[in-house]
Amino acid sequence: MLKEKVTALLNEVFEDNKSLFLIDFSITPDNKIKVIIDGDNGVSLKDCIAVSRHVEHNLDREEIDFSLEVTSPGATEPIVNNRQFNKNKGRKLQVKTAEEKFEGELTNVAESGIALSWKAREPKPVGKGKVTVKYEKEIPFADIMEAKVMITF
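Not measured: the values here are computed from a predicted model.

Some details on helix α1 (residues 2-16)
Now for step 1: Over its 15 residues, α1 runs 22 Å from end to end, which matches the ideal 21 Å to within 8%, given 1.5 Å per residue.
Now for step 2: Residues of α1 that are buried include every one of Leu 2, Val 6, Leu 9, Leu 10, Val 13 and Phe 14, and no others. Axial view of α1: buried residues confined to an arc of 140 degrees, hence all on one face. Exposed and oriented more than 90 degrees from the buried face of α1 are Glu 4 and Glu 15.

What follows is the structure, encoded as structure tokens:
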């Protein structure tokens, strides 16, 4: 019953702010509610506070004792929602499929998948030395097993 109430309250928040969306939501047996949200333009502290207040103010603590945590996904968390790819255009991603692993810049996001591009140093076809070769790969969403933003310093 608590899960249904919280789900309805979260849906209300996402209706009011269309740029936010749910990444994960769980309730432990001792009523610890954890909500992870993301947004098309990122998530601010104000966004987390707004979601937290909306849920907290519409649940009765005298009826159900609970704790609530609203966060955004961490920098090292994998991408789990296709909407997250749009905000990461131009960033370097590591994408795993069943057969291969790719690392490259996210250059395009379409309805069916993503496009990565990267450069590699390859031996010259004739003679000594190496040349820089540019590669591009289109990967359908259905083939992506895991995708992470690569953080570089």
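Looking at the environment of Glu 77
Now for step 1: Looking at where Glu 77 falls in the secondary structure, it is placed in the loop between β3 (67-71) and α3 (83-87).
Now for step 2: Taking the C-alpha atoms as reference, Glu 77 lies 20 Å from Ala 115; in sequence the two are 38 residues apart.

Describing the environment of Ser 26
Now for step 1: Examined against the element boundaries, Ser 26 turns out to sit in strand β1 (residues 20-27).
Now for step 2: Exposure remark for Ser 26: the relative accessible area of 31% places this residue in the partly exposed category.
Now for step 3: Separated by 20 residues in the primary sequence, Ser 26 and Val 6 place their C-alpha atoms 9.9 Å from one another.
Now for step 4: When neighbours within four sequence positions are excluded, Ser 26 is seen to be in contact with Lys 32, Ile 33 and Lys 34.

What to know about the sheet that holds strand β5 (residues 101-109)
Now for step 1: Strand order in the open sheet formed by five strands is β7-β6-β5-β4-β8, with antiparallel pairing between adjacent strands. Where the open sheet ends on each side, the last strands, each with one partner, are β7 (130-140) and β8 (146-149). Across the sheet, the axes of successive neighbouring strands diverge by a mean angle of 35 degrees, strand direction being ignored.
Now for step 2: Of the pairings in the sheet, the one linking β5 to strand β6 (residues 113-123) comprises four bridges and is antiparallel in character. Bridge pairing in β6 links Leu 106 to Leu 116.

Some points on the packing of α1 against helix α2 (residues 45-57)
Now for step 1: In contact at an axis separation of 9 Å, α1 and α2 are set at 140 degrees when each is read in the N-to-C sense. Considering their axes alone, α1 and α2 lie oblique with respect to each other. In the crossing of α1 with α2, the sense of the turn from one axis to the other is right-handed. Between α1, through Val 6, Leu 9, Leu 10, Glu 12 and Val 13, and α2, the contact on the second element is made entirely by Val 51, His 54 and Val 55.
Now for step 2: When its residues are assigned to classes, the contact of α1 with α2 shows six nonpolar, one polar and one charged.

Rules and cut-offs
Residues numbered from 1 in each chain as written. Predicted model: local features only at pLDDT ≥ 70, side-chain atom pairs only at ≥ 80, totals over all residues. Heavy atoms only, no water. Helix = DSSP H or I, 4+ residues; strand = E, 2+ residues; numbered from the N terminus. Expected span 1.5 Å × (residues − 1). Buried < 20%, exposed > 50% of the residue type's maximum accessible area, 1.4 Å probe, protein only. Arc of directions from axis to C-beta. Contact = heavy atoms within 4.5 Å. Pairing = 2+ DSSP bridges. Axes fitted to C-alpha atoms, helices over the stretch in contact; angles between N-to-C directions. Parallel < 35°, antiparallel > 145°, perpendicular 65-115°, else oblique. Left-handed = near helix turned anticlockwise from the far one by under 90°. Nonpolar A, V, L, I, M, F, W, Y, C, P; charged D, E, K, R; others polar.

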